[in-house]
Amino acid sequence: MHVVALPDRIDVVVVGGGVSGASTAYFLGRLGLDVLVLERRDDVGTLTTPRSFGSLRTQFGSRALIELATEGVDFYRSATDHFDAADAAALDFRQPGYLYLTPEPDHVARLAAALDEYVALGISSSTLLDRDELHDRFPLAAGGAVAGIHHAEGGWIDPAAVTGAFVRAAEATGRATFVAGTAVTALLRGAGGAVTGVATSGGVVATDRVVDCAGPFANELLGALPEPLPITSTPRYRAFLPCDVDGLTDAPFTINTANGAYWRPVDGGLWISHANVADRPREPLHEVQVPGDFVVDTLAMLAPVSPFLADLAGTPPSEVVAVGGQPCYTPDDAPLIGAVDEVPGLWVDVGHWAGVMLAPGSGRLTAELVAGVRDEADNPFRPGRFADGPVEKSSTNKFGGWG
Ligand SMILES: Cc1cc2nc3c(=O)[nH]c(=O)nc-3n(C[C@H](O)[C@H](O)[C@H](O)COP(=O)(O)OP(=O)(O)OC[C@H]3O[C@@H](n4cnc5c(N)ncnc54)[C@H](O)[C@@H]3O)c2cc1C
């Protein structure tokens, strides 16, 4: 990332240096294409990606997403196959599972029914646990729950480390160059509307292939489309609270399915969040402000299943670190990956609300489509798929809650 002068021409320009752009560049490099990734912020991996929980799971409502998410878990589990030893270690892959809990007896039948739906989709790594089993196996996380599902494939990586790992792996292919502090300001198009290059804050770069990986800003460059891509971006927040109670470091990713609040351990304490139904989509934001009542509200939502968290309500605000970002959503909650039909030479890898866990698969798929080694007809994430008819939500979890 020390290049200042931009090349006059390149095989592929990737717009955006979050985890999606970095993963796409890695796989493009492996396919032998020269790729330039342009990031307008001062450094790559500084917008949405590092503010995430970095959580991974394989439960989704469609087989295509299950396959993409499973590819992500397998990739991060065997990170040394792709990243150098230091980057693989920094990812800190852990797999203590996801624990979907309910404090409400009325919800148990709903959890059991959702589990059956996942089993029918071929996901057999989840188990329904009653109160005694929960309290025996997860005394800290599940102290207030009456029932829960443990999804053994669930886990997490460090979201602050993942983009850099992909960047260095991409550079190691000898084909990828990352330039931060340089904004793509326009797509340049020629005969038939086909892409001929990009205008940037550092000059023009000629190319006949551009991949939009701009996260919440995905539509900014696409003014030429008759309709913007169907993406919304909704503020979500994460707060770190210091904590050192016994058993914390081994706890799973824990969700109160009654209200969508969740937490997981992290070095020196834990991260908490909830998918507040009051949060509505917003225009893309460069900085997301965290509401003042976020920490108190989230702890109150989590305490019914994990009562030890009530004690953290008195944490001095000076010890709490809260951040916000904007995951993106689409009409079926699955990402948009592939060619934009209206603009020859333009591909997207956007619309991610779970972009960290999906990045290995989405980057690989995007690169294969751009390189022409995979046919768009085989691509279930085509951006144009909504013209095919009514859509179903396929990726939010069936147990309740957002995580
Ligand atoms: C609180 C929270 C919790 C989350 N938890 C999880 C989780 O547990 N697991 C999970 O998988 N996901 C989670 N997510 C979602 C995840 O963070 C995103 O889906 C993912 O980071 C998207 O990555 P991206 O590369 O597509 O976008 P971004 O990280 O937003 O990167 C896009 C980049 O494009 C750049 N850019 C935009 N326009 C231009 C331009 N014109 N020129 C140059 N550069 C441009 C931006 O500056 C930015 O760096 C969470 C998100 C939040 C906020």
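Taken together, 40 residues lie around the ligand, and G16, G18, G215, G325 and G355 are the ones closest in. Both domain 1 (12–84 + 159–232 + 331–388) and domain 2 (98–151 + 235–325) contribute no fewer than three residues apiece to the shell around the ligand.

A few words now on the sheet that holds strand β16 (residues 261–266). Taken in spatial order, the eight strands of this open sheet run β5-β6-β4-β15-β16-β17-β14-β18, and their pairing is mixed. The open sheet has two edge strands, β5 (126–130) and β18 (321–325), and neither has a second partner. The mean angle between the axes of side-by-side strands here comes to 20 degrees, regardless of whether they run parallel or antiparallel. Relative to strand β6 (residues 147–151), strand β4 (residues 98–102) runs antiparallel, the two being bridged by five bridges. Across the sheet, residue L99 finds its bridge partner in β6, namely H150. This element, helix α4 (residues 108–120), spans β4, β5 and β6 of the sheet and lies at about 160 degrees to β5.

Segmentation of the protein into domains returns domain 1 (12–84 + 159–232 + 331–388) and domain 2 (98–151 + 235–325). Averaged C-alpha coordinates put domain 1 and domain 2 at centres separated by 29 Å. Facing the 14 residues of domain 1 at the interface are 15 residues of domain 2.

With respect to the helices, strands and loops of the structure, F253 is situated in strand β15 (residues 253–256). Between the C-alpha atoms of F253 and G155, which are 98 residues apart in sequence, the distance is 6.8 Å.

Take the packing of helix α1 (residues 19–30) against helix α6 (residues 159–172) next. Helices that pack against each other are described as a pair by the angle of their axes relative to one another and the distance between those axes. Where α1 contacts α6, the two axes come as close as 8 Å, and the packing angle between them is 20 degrees. Between α1 and α6, the angle is such that the two are roughly parallel. Handedness of the α1/α6 crossing: left-handed. Facing α1, whose interface residues are V19, A22, S23, A25, Y26 and G29, α6 presents V162, T163, F166, V167, A169 and A170.

A word on the nonpolar core. Nonpolar side chains in soluble globular proteins tend to end up buried together. With 114 residues, the main nonpolar core has V13 and V15 as its most contacted residues. In terms of residue count, helix α8 (residues 355–371) provides more of this core than any other element does, eight residues in total. When residues of this core are assigned to domains, at least three fall in each of domain 1 (12–84 + 159–232 + 331–388) and domain 2 (98–151 + 235–325). Setting aside its immediate chain neighbours within four residues, V13 contacts L36, L38, V198, V205, T207 and V210.

How each quantity is defined
- Residues numbered from 1 in each chain as written.
- Predicted model: local features only at pLDDT ≥ 70, side-chain atom pairs only at ≥ 80, totals over all residues.
- Near = placed C-beta within 6 Å.
- Domains from an automatic or database assignment.
- Pairing = 2+ DSSP bridges.
- Helix = DSSP H or I, 4+ residues; strand = E, 2+ residues; numbered from the N terminus.
- Axes fitted to C-alpha atoms, helices over the stretch in contact; angles between N-to-C directions.
- Contact = placed C-beta atoms within 7 Å.
- Parallel < 35°, antiparallel > 145°, perpendicular 65-115°, else oblique.
- Left-handed = near helix turned anticlockwise from the far one by under 90°.
- Core = buried A, V, L, I, M, F, W, Y, C linked by C-beta atoms within 7 Å.
- Buried ≥ 20, exposed ≤ 12 C-beta atoms within 10 Å, placed from the backbone.

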